[in-house]
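Spelled out from the first residue to the last, the chains are:
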Amino acid sequence: MQFTTYDTDGFFDEMFEADGHPRAGSALLVQRIHALAEGELLHRQRAAEQALLHMGITFNVYGDEAGTERIFPFDVIPRIVEAADWAIIERGLKQRIQALNLFIDDVYQEQHILKDGIIPAFVVQSAKCLLPPCVGLQPPRGVWCHITGTDLVRDRAGQIYVLEDNLRCPSGVSYVLENRQVLKRTFPQVFEASRVRPVDDYPSRLLEMLQYLAPDGVTSPTVVVLTPGMYNSAYFEHAFLAQQMGIELVEGRDLVVTDGFVFMRTTKGLQRVDVIYRRIDDDFLDPLTFRPDSMLGVPGLFEVYRAGRVALANAPGTGVADDKVIYAYVPQIIRYYLGEDSILPNVPTYVCWDDTERQHILANLDKLVVKAANESGGYGMLVGPHASAAERAVFAERIQANPRNYIAQPTLGLSRAPVIVEDHFEGRHVDLRPYILYGQEIYVLPGGLTRVALRKGSLVVNSSQGGGSKDTWVLAGESDAC
Amino acid sequence: MLSRVADSIYWMTRYIERAENVARFIDVNLQLMLDLPAGITEQWAPLVDITDDQLLFQERYGATTRQNVVAFLTFDTGNPNSIYACLRAARENARSVREVISSEMWEQVNTFYLMVRDAAAHGRVTAEPHAFFTEVKMASHRFVGITDVTMSHNEGWHFGRLGCLLERADKTSRILDVKYYLLLPNVHDVGTPVDDIQWSAVLKSASAFEMYRKRFGLLRPDRVADFLMLDREFPRAMHYCLVQAEESLHAISSSPPGTFQNAAEQRLGRLRSELDYAHIDEIITRGLHEFLDAFQAKLNDVGTAIYETFVALRPVMDVPTRVRDVR
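This structure is a prediction, so every number in the text was calculated from the model and none was measured.

**What about the overall build of chain B?**
Per the secondary structure count, chain B includes 16 helices and zero strands. Relative to its length of 327 residues, chain B is compact, with a C-alpha radius of gyration of 21 Å against a globular reference of 20 Å. With respect to the principal axes defined by its C-alpha atoms, chain B has extents near 80 × 50 × 35 Å. By the burial criterion, 46% of the 327 residues in chain B qualify as buried. Considering only residue pairs separated by 6 or more positions, chain B has 68% of its internal contacts joining residues 24 or more positions apart.

Listed below in structure tokens is the structure:
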């Protein structure tokens with residue numbers, strides 16, 4: 001298979017310059033692909049898919065009884081990020097996470113940022129994910145967002161933007177690690193020659209960060225991963241991370257609160273738990289504090305957490321900063337807490353609660369993307385240029401009925417990367433989700449999940465909406481180890 | 001280890017062992033039918049009796065024809081003991097303990113499941129039944145082997161071994177029970193070629209034919225029963241299974257041999273010592289069927305005790321001293 005007929009169509013292409021030449025970091029890969037015998041690349045693609053199926057690297061799809069488990073579609077052509085681009089991404093993410101953590105801390109304590117009028121107080125107070133039980137709470141070591149999976153996109157001009165922060169329970173990192181395993185087998189020579197930065201130490205770093213959160217005086221803490229169970233869409237990842245860290249994967253029913261501590265039920269009795277990497281949403285954590293109908297959580301857990309006898313990662317309450325209306329203020333948040341300009345810009349965002357901006361939005365629905373403030377997974381959004389007049393009318397009504405709940409952004413011509421479609425290459429839109437750990441310091445994993453909108457022309461990369469993934473190769477610069 | 005995890009490993013191995021045994025029953029019966037003299041009708045009802053699912057079968061199929069029985073035991077998802085249903089359950093259990101078992105084990109369970117699922121979808125069994133059931137047996141053996149060499153022989157492994165061995169002891173007893181009950185009354189058959197073939201089929205369904213020959217030579221019903229029940233060296237013999245299962249149970253709770261700390265150890269120890277000192281002539285005199293029936297009931301009680309000892313919720317008072325430490 002050759003790239004000779006590959007067309008970048010006027011989008012920014014992650015692999016090729018506009019004139020059709022491969023970008024510097026991709027030249028070797030392109031050369032190697034061209035040198036493969038006819039049919040060889042397809043053969044490798046199929047081998048990779050087979051490997052993923054047999055490794056059971058699958059995700060569950062809700063509401064689909066017959067085939068509830070599928071492999072996450074995977075394209076073997078890696079997405080390459082050059083060292084210079086990565087340097088900016090890494091600095092930008094560290095800056096952003098530091099500021100957002102300060103913001104969350106402030107929101108639940110003194111609320112200086114509201115008193116100083118940087119963000120209208122009602123915007124924060126009306127945020128759906130603001131958790132009143134967290135007010136006044138100080139999480140262990142002052143960190144709220146321990147694990148973040150920020151979504152980045154590029155526009156036609158090649159500018160990188162932050163699309164979403166994902167400060168709650170971002171998933172996908174297991175695919176980063178497994179995709180890499182598969183790709184090393186698929187392109188061993190190119191991989192070796194390309195100086196790709198490793199991602200394999202993520203589980204060790206995650207464990208180290210989690211142990212750092214243990215209550216004072218606990219020298220060898222018991223850390224567990226808390227999962228909603230095997231029918232959760234990300235169950236594979238929960239099991240994978242627990243296995244890679246060598247710690248227990250527990251469900252709510254395995255944990256019990258007694259005498260002011262959290263314990264797990266074992267074959268030899270109850271054993272104390274010190275740190276919980278929970279992959280259960282805030283609402284479901286503890287039926288005594290949050291949703292009383294939760295069957296997934298642990299009654300009494302939040303009180304133990306408040307008393308500092310167990311650490312939770314991420315801390316409950318971080319969702320307030322995931323509210324898309326609050327997202328609109330992140331540049332101001334960074335300036336307020338750090339006195340710096342954002343290194344990675346936001347996508348320009350209009351907020352519907354503002355009368356002027358709302359008028360503009362309603363008049364330009366055919367050009368904008370509208371999003372609900374607290375939906376994710378590609379749900380609750382309108383891609384104006386691709387929507388029918390009737391769909392736009394529905395959103396116009398919703399916006400007017402509840403302006404606080406909506407924002408709008410220009411439709412970005414997301415960058416594309418080549419994927420294998422039958423027997424040739426076609427460009428598909430991609431995003432990039434790097435993973436950031438915040439423990440003793442902030443660490444950005446040099447890699448990430450490249451999600452691909454596999455449907456031709458689609459801008460929605462979510463796995464629930466026909467998205468797939470690629471391995472992401474971050475190339476080492478002069479000073480990086482690899 | 002987590003109680004839930006121990007329970008899942010125990011059932012994962014139990015279901016795989018069950019699937020293997022179902023494949024054994026069907027395969028041997030298929031072979032057996034090939035050797036029947038003309039005029040003798042095929043016997044498929046005993047296969048349903050082995051798994052104790054007569055009522056369910058009647059409800060879903062009615063006549064015990066070859067086609068119905070094979071369908072019921074192989075791919076019927078409405079039968080919780082069909083090969084497909086067992087694999088599905090084994091895989092669900094494996095999936096819930098993926099982080100505890102080795103990835104090789106998980107891959108083998110998954111591959112095994114996918115193989116059966118594809119066979120169910122493509123009707124391969126009708127075309128090549130022997131090849132399919134052999135594949136099931138081999139996949140189960142691969143799982144046992146992989147488990148043995150890729151997972152630490154820790155508590156979880158012992159729970160897995162316990163599940164596998166208790167299931168195997170139960171199934172061997174059922175094979176023997178049904179065949180003995182059906183074959184023995186035909187006194188005039190004793191010593192005929194048909195009789196020999198049937199007894200060798202009993203042995204073959206437990207992969208015991210060759211090993212039996214080495215120990216006893218000629219086929220005799222009482223010796224077949226002796227071998228499958230009381231042999232101390234043959235790995236599918238009931239006695240052998242109990243000895244090994246007891247070893248694992250003691251490894252879990254670290255009680256010295258000959259003692260017990262919980263109901264599971266007490267019940268399994270009693271049942272094992274009953275076989276230690278049993279003699280086949282006495283068993284036959286008192287009634288083989290009654291003996292096997294009682295054995296299965298006691299084995300069930302062992303299973304219940306394992307659940308109550310290690311899995312069921314324990315009172316909060318059980319909290320280890322570590323709790324009281326102020327840290």
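Now that the structure is up, let's keep going.
**Remarks on the overall build of chain A**
Counting its regular elements, chain A contains 14 helices and 23 strands. Against the globule reference of 23 Å for 482 residues, chain A gives a C-alpha radius of gyration of 23 Å, in line with a compact fold. Seen along its three principal axes, the alpha-carbon backbone of chain A occupies a region of about 70 × 60 × 50 Å. Residues classed as buried in chain A amount to 47% of the 482 residues present. For chain A, contacts bridging at least 24 residues in sequence account for 68% of all contacts bridging at least 6.

**Quick notes on the environment of G319 of chain A**
All names here are of chain A. Mapped onto the fold, G319 is located in the loop between β13 (311-313) and α11 (324-327). Each C-alpha atom, one on G319 and one on E397, is 26 Å from the other, the two residues being 78 residues apart in sequence. Setting aside its immediate chain neighbours within four residues, G319 contacts C129, R168 and D282.

**Topic: helix α5 (residues 83-95) of chain B**
Residue and element names in this part refer to chain B. Taking 1.5 Å per residue as the helical rise, α5 with its 13 residues ought to reach 18 Å, and the 18 Å between its terminal C-alpha atoms agrees with that figure. With 11 of its 13 residues buried, α5 lies for the most part within the structure. Along α5, the residues classified as buried are I83, Y84, A85, C86, L87, A89, A90, R91, N93, A94 and R95. Residues of α5 that are buried in the fold lie against α1 (3-35), α4 (66-74), α6 (103-122) and α8 (129-150).

**Looking at unusual backbone geometry**
All names here are of chain A. Note the cis peptide between A313 and N314, where omega equals -10°. By secondary structure assignment, the location of N314 is in the loop between β13 and α11. Here N166, not a glycine, exhibits a phi torsion of approximately 50°, which is positive.

**Focus: the sheet that holds strand β10 (residues 261-266) of chain A**
All names here are of chain A. The three strands are arranged β9-β10-β11 in an open sheet whose pairing can be described as antiparallel. Strands with a single pairing partner mark the edges of an open sheet, and in this sheet they are β9 (255-258) and β11 (269-272). With direction set aside, neighbouring strand axes in the sheet form an average angle of 45°. With four bridges joining them, β9 and β10 adopt antiparallel strand pairing. Opposite T258, over in β10, you have F261 as the bridge partner.

**As for the packing of helix α8 (residues 202-212) of chain A against helix α9 (residues 235-245) of chain A**
Two measures define how a pair of helices packs: the angle their axes make with one another and the distance between the axes. Residue and element names in this part refer to chain A. At a minimum axis distance of 9 Å, the contact between α8 and α9 shows a crossing angle of 80°. As judged from the angle between their axes, α8 and α9 are roughly perpendicular. Facing P203, L206 and L207 of α8, the residues of α9 in contact are L241, Q244 and M245. For the contact of α8 with α9, a count of residues per class yields five nonpolar, one polar and no charged.

**What about the environment of T41 of chain B?**
For T41 of chain B, the position within the fold is in the loop between α1 and α2 (45-50). As for T41 of chain B and A297 of chain B, which are separated by 256 residues in sequence, their C-alpha atoms are 32 Å apart.

**Quick word on the pairing of strand β17 (residues 406-410) of chain A**
Residue and element names in this part refer to chain A. Within β17, four of the five residues are buried, leaving the element largely enclosed by the surrounding structure. Bridge analysis of strand β15 (residues 368-372) against β17 gives five bridges, and the strand direction is antiparallel. Its bridge partner lying in β17, K371 is registered against I407.

Conventions adopted
Residues numbered from 1 in each chain as written. Chains lettered and ligands numbered in written order. Predicted model: local features only at pLDDT ≥ 70, side-chain atom pairs only at ≥ 80, totals over all residues. Helix = DSSP H or I, 4+ residues; strand = E, 2+ residues; numbered from the N terminus. Rg over C-alpha atoms; globule rule 2.2 N^0.38 Å. Buried ≥ 20, exposed ≤ 12 C-beta atoms within 10 Å, placed from the backbone. Contact = placed C-beta atoms within 7 Å. Expected span 1.5 Å × (residues − 1). Pairing = 2+ DSSP bridges. Axes fitted to C-alpha atoms, helices over the stretch in contact; angles between N-to-C directions. Parallel < 35°, antiparallel > 145°, perpendicular 65-115°, else oblique. Nonpolar A, V, L, I, M, F, W, Y, C, P; charged D, E, K, R; others polar.

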